[in-house]
Amino acid sequence: MIGKIQQTTLPNGSRVVTSQMDTVESVSVCIDFGGGSRHEKLSECGYSHFLEHLIFKGSERYPTPKAISQPIESIGGSLNASTGLEQTGFFAVVPYDGLPLALDILTDMVSRPIFDQSNVELERNVVFSEMRMSYDDDFDYLSQQAMQGAWPGNAVGRPILGSREVLSEATAERLHAFRQSHYTAGSAIVAAAGKLEHERLVDLVRPFLEQLPPGPVPGYRRVRNPPPMQRFFCERRDATQVQTILTFRSIPYSDEHRSEQMLLAMLLGGSSYSRLFQSLRERSGLSYMVDCMPMPLSDCGVFQILASLNPEGSLKAMRLCAKELRSLCRKPVPAKELTRELSRVIGASRIGGESSRSQMGRILKGTRLLGRVESTDEVIERLRKVTPESLHAFASNLFRKENLSLSLILPETEKKTGEEHLEALEI
């Protein structure tokens, strides 16, 4: 379960939050900035992700990619980064006595990267290769289309990898200016979990945090009165399966009904006995993979259902999926079924809490999106307050026809159309 939580806020607004786990041998630490793809202007589309790549090319004291990665990997650790819609984070997982080394490397690469134009040219090709890989991955590509369909005209719907046209014109000077305006003191959070001492970590990162450029979290255009969703997207490919994502506009991370959303996702697609898994795979054999994935953000969110379908039964699968959604909207789930899902969520949380990396991610997300870290008891108490009636009310508001966007990839030889699949989803 979650360890002892402590948080320190420096005078410049930077925050340090830790979860002390005395029974593990590892430490996971992340330097996270509250700036991601939705904070970019159209002329900067893809800068956050491109910058993440470039920071691994070298820094003042670790001037090459090998010089950055080798010290961490030589002690059995790992070093990585991620760019999201609302944040960019650089993290390491190391044996607990490797924490000073990990922080020395992370802080140097983030604060003193080498912005060499030759590295920009080299890494641009790597990012373009990643774009091609994402396009070739059906669900990566569909996910991008689904977000664009859910939030047309807003940066939250733009691809995190960015625009090839914009990145073709990116220069070291422009990327350096972007870093200075986005990697600011007020947007910085250092989160760490594992065998550590909070005050010692604060002492280690204070010099780095105090020299960050002043400024709050970068602004972005929030989702207010969004236009209607795009009803569906369909593309034909040389494929053997019908790949599909059902996207519903949903709630932000801080919403009071986030427990209902979590349990609804588990009930529909979170296990081998979930409703959609049983209906589409076990009873009908129409799908190998079906899952549910809520994606809550600071001011909005989506609830997605993903499935790979056998082409010959894809319309039937759509109708079965719609049947399960209608069932949740028409009557409350049985109390026994809700109790079972609650037990599963609590158990999974307990198991995940034994990993320092999982703990790090949890305290970082809570600090970033809630302003604090919920205790395990708070989370469980919130989950236990969900009733069949509150879950029914949430599902009824979520699963509405006007709140649905369908994204499809159909085999080139498939005679059925995207419109037919949408019509089969009568909810």
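These numbers were taken from a predicted model, which means no experiment stands behind them. (Residues numbered from 1 in each chain as written. Predicted model: local features only at pLDDT ≥ 70, side-chain atom pairs only at ≥ 80, totals over all residues. Heavy atoms only, no water.)

(A) Spotlight on the sheet that holds strand S3 (residues 26-33). Taken together, the six strands give an open sheet; going across it, the order is S1-S2-S6-S3-S5-S4, and neighbouring strands pair in mixed fashion. The open sheet has two free edges, formed respectively by strand S1 (4-9) and strand S4 (78-83), since each of these has just one partner strand. Taken over all neighbouring pairs, the strand axes of this sheet differ in orientation by 15 degrees on average, direction set aside. Direction of pairing for S3 relative to strand S6 (residues 188-194): antiparallel, over a ladder of seven bridges. (Pairing = 2+ DSSP bridges. Helix = DSSP H or I, 4+ residues; strand = E, 2+ residues; numbered from the N terminus. Axes fitted to C-alpha atoms, helices over the stretch in contact; angles between N-to-C directions.)

(B) Structural view of the pattern of salt bridges. Under the defined criterion, the tally for this structure stands at 25 salt bridges. A salt bridge links Glu25 to Lys195; the nearest nitrogen and oxygen atoms lie 3.6 Å apart. Of this pair, Glu25 sits in the loop between strand S2 (15-20) and S3 while Lys195 is found in the loop between S6 and helix H8 (198-210), placing the two residues 170 residues apart along the sequence. Look at Lys195 and you get partly exposed, because its relative accessible area is 28%. Its salt-bridge partner being Glu426, residue Lys401 comes within 4.0 Å of it at the nearest N-O pair. Here Lys401 is found in the loop between helix H15 (388-398) and strand S11 (404-411), whereas its partner Glu426 is found in the segment after helix H16 (418-424), with 25 residues between them in sequence. Assessed through its relative accessible area of 40%, Lys401 is described here as partly exposed. On the basis of relative accessible area, Glu426 is assigned to the partly exposed category, the value being 40%. (Salt bridge = Lys/Arg side-chain N within 4 Å of Asp/Glu carboxyl O. Buried < 20%, exposed > 50% of the residue type's maximum accessible area, 1.4 Å probe, protein only.)

(C) Geometry of helix H3 (residues 99-111). Its 13 residues give H3 an end-to-end C-alpha distance of 18 Å, which sits within 8% of 18 Å, the value for a rise of 1.5 Å per residue. The element H3 is extensively covered by neighbouring structure, given that 10 of its 13 residues are classed as buried. Inspection of H3 places Leu99, Ala102, Leu103, Ile105, Leu106, Thr107, Asp108, Met109, Val110 and Ser111 among the buried residues, and these make up the whole buried set. (Expected span 1.5 Å × (residues − 1).)

(D) Fine view of unusual backbone geometry. Although it is not a glycine, Asn225 sits at a positive phi angle of roughly 50 degrees. Position of Asn225 relative to the elements: it lies in the loop between H8 and strand S7 (232-237).

(E) Region of the structure containing the environment of Gly162. Mapped onto the elements of the fold, Gly162 is located in the loop between helix H5 (138-150) and helix H6 (164-168). Residue class for Gly162 comes out buried when judged on its relative accessible area of 15%. Sequence separation between Gly162 and Tyr47 is 115 residues, and the spatial gap between their C-alpha atoms is 7.2 Å. Those residues in contact with Gly162 that sit more than four places away from it in its chain are Cys45, Gly46 and Met131. (Contact = heavy atoms within 4.5 Å.)

(F) Spatial organisation of the packing of aromatic side chains. This model, assessed by the stated rule, comprises eight aromatic pairs. Note on Phe33 and Tyr183: the rings are 4.3 Å apart at their centroids and 5 degrees apart in plane angle, and the pair reads as stacked. Taken as a pair, Phe33 in strand S3 and Tyr183 in the loop between helix H7 (172-182) and S6 lie far apart in primary sequence, 150 residues in all. Across this residue pair, the class does not change: Phe33 and Tyr183 are buried. Taken together, the ring pairs in this structure connect Phe33, Phe56, Phe90 and Tyr183 into an aromatic cluster. Between Lys195 and the ring centre of Tyr96, over which it is positioned, the NZ or CZ distance is 4.6 Å. A cation sits over an aromatic face here: Arg237 above Tyr135, 4.3 Å from the ring centre. (Phe/Tyr/Trp six-rings, centres within 6.5 Å; stacked < 30°, edge-to-face > 60°. Lys NZ or Arg CZ within 6 Å of the ring centre and 35° of its normal.)

(G) The packing of helix H2 (residues 65-73) against H3, seen in detail. One can describe the packing of H2 onto H3 by two numbers: an axis separation of 10 Å at closest approach and a directional angle of 165 degrees. By the angle between their directions, the pair H2 and H3 is classed as roughly antiparallel. Viewed along their axes, H2 and H3 form a crossing whose handedness is left-handed. Along its contact with H2, which presents Ile68, Pro71 and Ile72, the element H3 presents Leu101, Ala102, Ile105 and Met109. Among the residues making up the contact of H2 with H3, the classes are represented as seven nonpolar, no polar and no charged. (Parallel < 35°, antiparallel > 145°, perpendicular 65-115°, else oblique. Left-handed = near helix turned anticlockwise from the far one by under 90°. Nonpolar A, V, L, I, M, F, W, Y, C, P; charged D, E, K, R; others polar.)

(H) Representation of the pairing of S4 in the model. Burial along S4 is one-sided: the residues Leu79, Ala81 and Thr83 are buried and none of Ser78, Asn80 and Ser82 is. The pairing of S4 with strand S5 (residues 88-95) spans six bridges and is antiparallel. Paired with Ala81 across the two strands is Phe90, which belongs to S5.

(I) Representation of empty space enclosed by the protein in the model. Tallied over the full model, the rule gives one cavity of 30 Å³ or more. Estimates place the volume of the largest cavity at around 30 Å³. Lining the largest cavity are Thr244, Leu246, Leu280, Ile305, Ala307, Leu309, Ala317, Met318 and Cys321. Contributions of two or more residues to the lining of the largest cavity are made by strand S8 (242-250), strand S10 (301-309) and helix H11 (314-330). Looking at the lining of the largest cavity, its residues break down into eight nonpolar, one polar and no charged. (1 Å grid on protein atoms, 1.4 Å probe; cavity = no way out; pocket = protein on both sides within 12 Å on 5 of 7 lines; lining within 4 Å. Points joined across faces, edges and corners; volume = space filled by probe spheres on them.)

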